[in-house]
Every structure is written in C-alpha cells, then in structure tokens.
Amino acid sequence: MSVQISPSILSADFARLADEARAVEGADWLHVDVMDNHFVPNLTLGLPVVESLHKATGTPLDCHLMIEDPDRWAPAYVEAGASSVTFHVEAAAAPVRIAREIRAKGARASMALRPATPVEPYEDLLPELDMLLIMTVEPGFGGQRFLDIMLPKIRRTRELIDRHGLQIWLQVDGGVSAETIERCAEAGADNFVAGNAVYGAGDPAEAVRALREQAVAAHRH
C-alpha cells in the first residue's frame, strides 16, 4: 500500500488559504471539508472557495461533503475542480448513482461513514468506489480526539476490500497525528487526513513528511 497524506484546510488560516495550500505542496491531496450546518453542526465553505483553491494550487483537491442532499451537489464539486469527492452514505438517497456521476465527470468517487455507521451493509457497493473514508471522530469540527474504538472497523474494512481484490483507498479522518497515524496504518489505512497535526506545526511541509514516514514504517511491520 502506498501512503498518501491529505492535509485538512479546516485547520488552516481561512484568510490565507492560497498560502496555506502552497505550504503543503509535498502532500498528495488537499482535504477540503464542506459543511452545511445541517448534516453537521458547523458551516465552512462551498463551491466558490473550491473553485478558487483549484486555481491557487497544483495539489489535487479531496472534497469531503458533510452536507445534506449530496445527490444534488456532489457533481458540482467535480466541476469546481475536485479530483476526489466524498459523500456521506448517511445523507445519500442513491449512493451508487452519486458514485457513478462523480466518476462520469472524471473524479474519484469516495464514500464516508460516521463512527456509528457499519461498513458491512455496503459491501456490495464497493466496486462503485475509489475510496472509503472511515471517520475517526464525529464529523463537524477539527481538533477532536481520535476514537480508538474505530481501529477494529478500519481492520474489517481493509479485510473487505482485500477479500474482493479491489484497489480502493482506505482513508481515515479525525485526530490523525504523530501519536495515532501508526495505529491507523497498522489497521490497514493508506490515506490519512491530518488537520491540526499539519497546520498546527511550525513547518507544515515537514509535518507532512514526518507523518508519511511514520505511516510507511508502520506498513512495513
């Protein structure tokens, strides 16, 4: 498994987003948290900011839609410049259709699960997806503590992916840091969203490099 690091701009300085995006240009992705104050109790940013970020950085955008009615909105984020779009299955009316629309527009289709949502009921959907996101905190706010109780779910998800012989990335988001990334990697994650661990560091680019090293080392064991 190749390790990918996706710094979350939820922890960046919103007044300097272009600079903050450039500060992590060694990262694989830039994770963009879209929140609508309905699906989650927070309001962040939307299509215009994604369009602007797409012009401001060469790092591909990984848009995580924590919003109601992703069936309506997900394709627009591909058009705005996202290379990967994640919708929450809990908010989706027709997850297979959403995934196919995202792929048809040229982006990677990803599905997210809140901590209390089991992965097993969605086993048959896996071939429609390019990535699964296991939330390791309740979505809505940055800076939360990592939920250790999600590690068995990460393992079970990796086993499901491998059993079907699929090339699906397994992303974790929430409380990922130098203290927790190795456990996530050992459990089978290969794509790591990190907010405070990157943007709270003195040197965000160095934080990305260090997190990558830790995850790679954990995969080797």
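Everything quoted here is computed from the prediction, not taken from an experiment.

**Q** Can you lay out the pattern of salt bridges for me, pointing to particular residues and giving the numbers?
**A** The full count for this structure, using the stated rule, is 17 salt bridges. The closest approach of N and O atoms between R22 and D19, which form a salt bridge, is 3.0 Å. In this pair, R22 and D19 are both assigned in helix α1 (residues 17-22), 3 residues apart and thus about one turn of the helix distant. For D19, a relative accessible area of 39% puts it in the partly exposed group.

**Q** Run through the packing of helix α3 (residues 70-79) against helix α4 (residues 95-104), naming residues and quoting values.
**A** Viewed as axis vectors pointing N to C, α3 and α4 meet at an angle of 15°, and their least axial separation amounts to 9 Å. As judged from the angle between their axes, α3 and α4 are roughly parallel. Crossing of α3 against α4: the hand is right-handed. On α4, the residues touching P70, D71, A74, P75 and V78 of α3 are R97, I98, E101 and I102. When grouped by side-chain class, the residues that make up the contact of α3 with α4 number 6 nonpolar, no polar and 3 charged.

Each value, and the rule that gives it
Residues numbered from 1 in each chain as written. Predicted model: local features only at pLDDT ≥ 70, side-chain atom pairs only at ≥ 80, totals over all residues. Heavy atoms only, no water. Salt bridge = Lys/Arg side-chain N within 4 Å of Asp/Glu carboxyl O. Helix = DSSP H or I, 4+ residues; strand = E, 2+ residues; numbered from the N terminus. Buried < 20%, exposed > 50% of the residue type's maximum accessible area, 1.4 Å probe, protein only. Axes fitted to C-alpha atoms, helices over the stretch in contact; angles between N-to-C directions. Parallel < 35°, antiparallel > 145°, perpendicular 65-115°, else oblique. Left-handed = near helix turned anticlockwise from the far one by under 90°. Contact = heavy atoms within 4.5 Å. Nonpolar A, V, L, I, M, F, W, Y, C, P; charged D, E, K, R; others polar.

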